[in-house]
Number of protein chains: 2
Amino acid sequence: MSMKENISPRWRELHGSKNWENLLEPLDPSLRQEIVKYGEFAQAAYDSFNFDTNSKYCGSNYYRKDDLFDKLHLTRHGYKVTKYIYAMSDIIMPQLLETSLADSAWSKESNWMGYVAVSTDDESERLGRRDIVVAWRGTIAPAEWVQNVKIRLTPLGEGNAKVERGFLSVYTTKGKSSKYNKKSASQQVMKELKKLVSSYKEKGEEVSLTITGHSLGGALALLNAHEAATTFANDVPVSAITFAGPRVGNIAFRDKLDRIGVKVLRVVNKPDMVPKVPGFGLMDAMINNKLGRSIAQNLHWTYAHVGVELEVNISNSPFVKHEFNIAGFHSLEVYIHLVDGYHGSKSEFRKDAKRDLALINKSTGMLIEEVKIPENWRQLSNKGLVYNEYGRWVEPTRVEDDLPSPPSESSDDDSSVDSSTEGASQENEMN
Amino acid sequence: MSMKENISPRWRELHGSKNWENLLEPLDPSLRQEIVKYGEFAQAAYDSFNFDTNSKYCGSNYYRKDDLFDKLHLTRHGYKVTKYIYAMSDIIMPQLLETSLADSAWSKESNWMGYVAVSTDDESERLGRRDIVVAWRGTIAPAEWVQNVKIRLTPLGEGNAKVERGFLSVYTTKGKSSKYNKKSASQQVMKELKKLVSSYKEKGEEVSLTITGHSLGGALALLNAHEAATTFANDVPVSAITFAGPRVGNIAFRDKLDRIGVKVLRVVNKPDMVPKVPGFGLMDAMINNKLGRSIAQNLHWTYAHVGVELEVNISNSPFVKHEFNIAGFHSLEVYIHLVDGYHGSKSEFRKDAKRDLALINKSTGMLIEEVKIPENWRQLSNKGLVYNEYGRWVEPTRVEDDLPSPPSESSDDDSSVDSSTEGASQENEMN
């Protein structure tokens, strides 16, 4: 941390107080570092998520919240995770959530959906304020996205603001059937944010809220930012830094975010399809044209992008393959790489970009062959199986405090353990 | 070890001195345990082998010889590895050897091909003698095998014995271009065996030699057994326990193995194709028929299977899928599972078979879904990449004594390090 510039004098500007004016062209080096940091926080939500449908912990996080940043080599950012957020959905939307096929699944309905983290004392000094981060997990299947995201707007609060029903469903669904979602994701995250904000405010600290996410996570970030800014009014500056986010709502939603002071920086890789859904550019054309705009404003289903766009372009990097690749163009690690190399819209890829190229191939094969890093290298040893004391390969039974812990309904004590997910090693009984 | 039966009174019989007569139908429990053990020794040669062509250590063993059994959870067998064997080939035969694509490859020509191990003092007491094991590595592509194994016999020593040219090439090729094969595999293994045999004989111990291997490794085991029995004459009983081995030589080769006292137990899974090459059963038919036999004996290219066959059958196990699967039927882990459950040719799968079913799916998807073990689960964490002190994901640079060490030409000191494979981490210099 000591090697990073102290950004405390400029933090409001870097956080978007002036809509990042004059910071994007060319890209301010400190802002670049901040965007990369939030990108890595969003990436952490993928890297720690159990996508293995054979696992009884499918849909949960592999790590305890206190271990998350350590396991993912992110402690250098100087934040601590304070809360895990779970979500479910009452709308069937392919690829939004993962479901364990195991009979003894920890939960058949809920998914770990993101986390809240706070900057440490040291880092807060460098940052000029206490920064609270919410990082939302996205999904991994852009092809399904592009096909399945329908235009189904639903009202959000009072006024004319409307948002995509599927996204809102993930954010607001709660149900008695799942111990992890007796409260919705919205309720869980807002409770935690209120607690943190009031505790730091009481100490007289300045506090900022930065919400991040990739893909679906970018959509959830906007819904969360909307709610947070409404809740905290002008007490806490709220920014959303999103990557590859789809359109979320109508023009009234966009205008409302503006009005309540939410600052949105949307990072978009030009050839990525997901930020073009729903709508595939038709709405863009209408909105950018006066006549079209007046027509569009009358269409209740019009989707609009919000905030400020930072457009990067895969064709600018000499380190990635340029052939059409729907998943590769959408990959968050590719996005972060492009931000790391971005100088300006007309500039070449930064010669002094230092971010590890190996990360590009974490879950893609986008890195050029010359670098000799295997494709899709991110994987667990033996797919998570461990050799137990009886000489058998089993999915490890988690120790109590390592289990996904259901957010409790009425108390602040979240350490209670769901007894139905306890015990019973997955050891094979068929021998 | 203390829980296993002491087999010292019966060791010669179990080692094949009477061609396993009356031990196979029904299968003697102690013999079953021995076959499983040697199968696991052969499997170790796969589990520790670097097949990753992006790795500069492709074709070598991931572990040092002193760590091998510990890393693979095989110390319970009570053996210690004494030597690694390397091979190259002057014949192009697809899928026999692996070649690193990395510029800085440890060797472009040689492959780690197997190892020599010796029973410990304690285990030797249980076994009734000092048992020396040679385990040969096979290949992983049965489909290519079945297509590519041609009938190309070449003379082996004096007499009429002939063997497949490709197999013999792997066993006997040496070349100045590779530091690891200034000696051939044959020379390396025989030097080690002579050293071990004379050292234990000098102490007045009884010594046995058991050679094992799967697929190509089964072929190499027979060539090695032939040479060892010729070398040690009647001083040391030599057995080969092979799994899924192809035919190796002509009838004269088979007869010679018989004559020099090599005992061969061939484990064959009935629907596996590899033991049927070269020849696909035609030769079997001829050899089992008197007239055919006299014709076949006159054909110099006639391939013959040797020794005693233990036929297991995948259709006998309720734990594996039965649909045609050329790779699955050939898998060594499937073989070991079938031996573990084998009671007799007319008997059902053993109810009290205890071997871990998860192992079946180590490199296949053959295990029935109900057991809920992921397919092909054997994998390294992050494909072997590690996070280094500079925060980059790299292929670990091996420490000196961890490097594949070329067998020295004229001394017993094999600890010398090939300087050309030293240093230079694979850290990415392109940033």
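Rules of the game
- Residues numbered from 1 in each chain as written.
- Chains lettered and ligands numbered in written order.
- Predicted model: local features only at pLDDT ≥ 70, side-chain atom pairs only at ≥ 80, totals over all residues.
- Heavy atoms only, no water.
- UniProt positions renumbered as here; feature names shortened; annotations may be inferred.
- Helix = DSSP H or I, 4+ residues; strand = E, 2+ residues; numbered from the N terminus.
- Buried < 20%, exposed > 50% of the residue type's maximum accessible area, 1.4 Å probe, protein only.
- Areas by Shrake-Rupley, 256 points an atom, 1.4 Å probe, with all protein chains shown as cover.
- Least-squares fit on C-alpha atoms with pLDDT ≥ 70 in both.
- Contact = heavy atoms within 4.5 Å.
- Buried area = accessible area lost by both parts, 1.4 Å probe.
- Salt bridge = Lys/Arg side-chain N within 4 Å of Asp/Glu carboxyl O.
- Polar contact = N/O pair within 3.5 Å; in protein donor to acceptor, adjacent residues only side chain to side chain.
- Pairing = 2+ DSSP bridges.
- Axes fitted to C-alpha atoms, helices over the stretch in contact; angles between N-to-C directions.

If you look chain A up in an unreviewed UniProt entry, it shows as Fungal lipase-like domain from Dillenia turbinata. Turning to chain A, the UniProt annotation filed under Subcellular location (unreviewed entry) states: "Plastid, Chloroplast". What UniProt states about chain A under its Sequence similarities (unreviewed entry) heading is, verbatim, "Belongs to the AB hydrolase superfamily. Lipase family."

Visitor: What is the right way to read the overall build of chain A from this model?
Guide: Across its full length, chain A carries 13 helices and 11 strands. Taking all 431 residues of chain A together, the buried fraction comes to 58%. In the structure as shown, chain A presents an accessible area of about 17900 Å², 49% of it carried by carbon and sulfur atoms.

Visitor: I'm lost on the relation of the copies chain B and chain A in this one. Help?
Guide: Relative to chain A, chain B is turned by 180° and slid 0.1 Å along the rotation axis, the superposed coordinates differing by an RMSD of 0.0 Å. Both copies are brought into coincidence by an operation consistent with a two-fold rotation axis. No C-alpha of chain B approaches the rotation axis more nearly than that of B:Ser381, which lies at 1.9 Å. Mapped onto chain A, 100% of the interface residues of chain B again fall at the interface, so both copies present the same surface.

Visitor: Any chance you could explain the interface of chain B and chain A here in plain terms?
Guide: In many reports, interface size means the accessible area that the parts give up when they come together. Listed per partner, the contact involves 36 residues of chain B and 37 residues of chain A. Around 3600 Å² of area is buried between chain B and chain A when both sides are counted, 56% of it from carbon and sulfur atoms. A per-residue breakdown of the area chain B buries against chain A is headed by B:Lys372, B:Gln379 and B:Trp393, which together make up 19% of the total. Taken together, the connections running from chain B to chain A amount to zero salt bridges. Our enumeration of links across chain B and chain A arrives at 10 residue pairs in polar contact (both at pLDDT 80 or more).

Visitor: Is there a simple way to explain the sheet that holds strand β2 (residues 111–119) of chain B in this structure?
Guide: Hydrogen bonds between backbone groups are what pair the strands of a sheet, and the pairing can be parallel or antiparallel. Residues and elements named next belong to chain B. Taken together, seven strands build an open sheet; the order of strands is β1-β2-β3-β6-β7-β8-β9 and the sheet is mixed. Both outer strands of the open sheet, β1 (79–87) and β9 (308–312), are each paired with one neighbouring strand and no more. Adjacent strand axes in the sheet meet at a mean angle of 20° when their direction is disregarded.

Visitor: Help me understand the sheet that holds strand β3 (residues 130–136) of chain A in this model?
Guide: All names here are of chain A. Sheet architecture is open: seven strands sit in the order β1-β2-β3-β6-β7-β8-β9, paired in mixed fashion. Each edge of the sheet is formed by a strand with only one pairing partner; in this case those strands are β1 (79–87) and β9 (308–312). If you compare each strand with its neighbour and ignore which way they point, the axes differ by 20° on average. Across seven bridges, β3 lies against strand β6 (residues 207–214) in parallel orientation. Residue Ala135 lies in a different strand from β6, and its bridge partner there is Thr212. Sheet contacts for helix α7 (residues 185–202): β1, β2 (111–119), β3 and β6; angle to β1, the most-contacted strand, approximately 155°.

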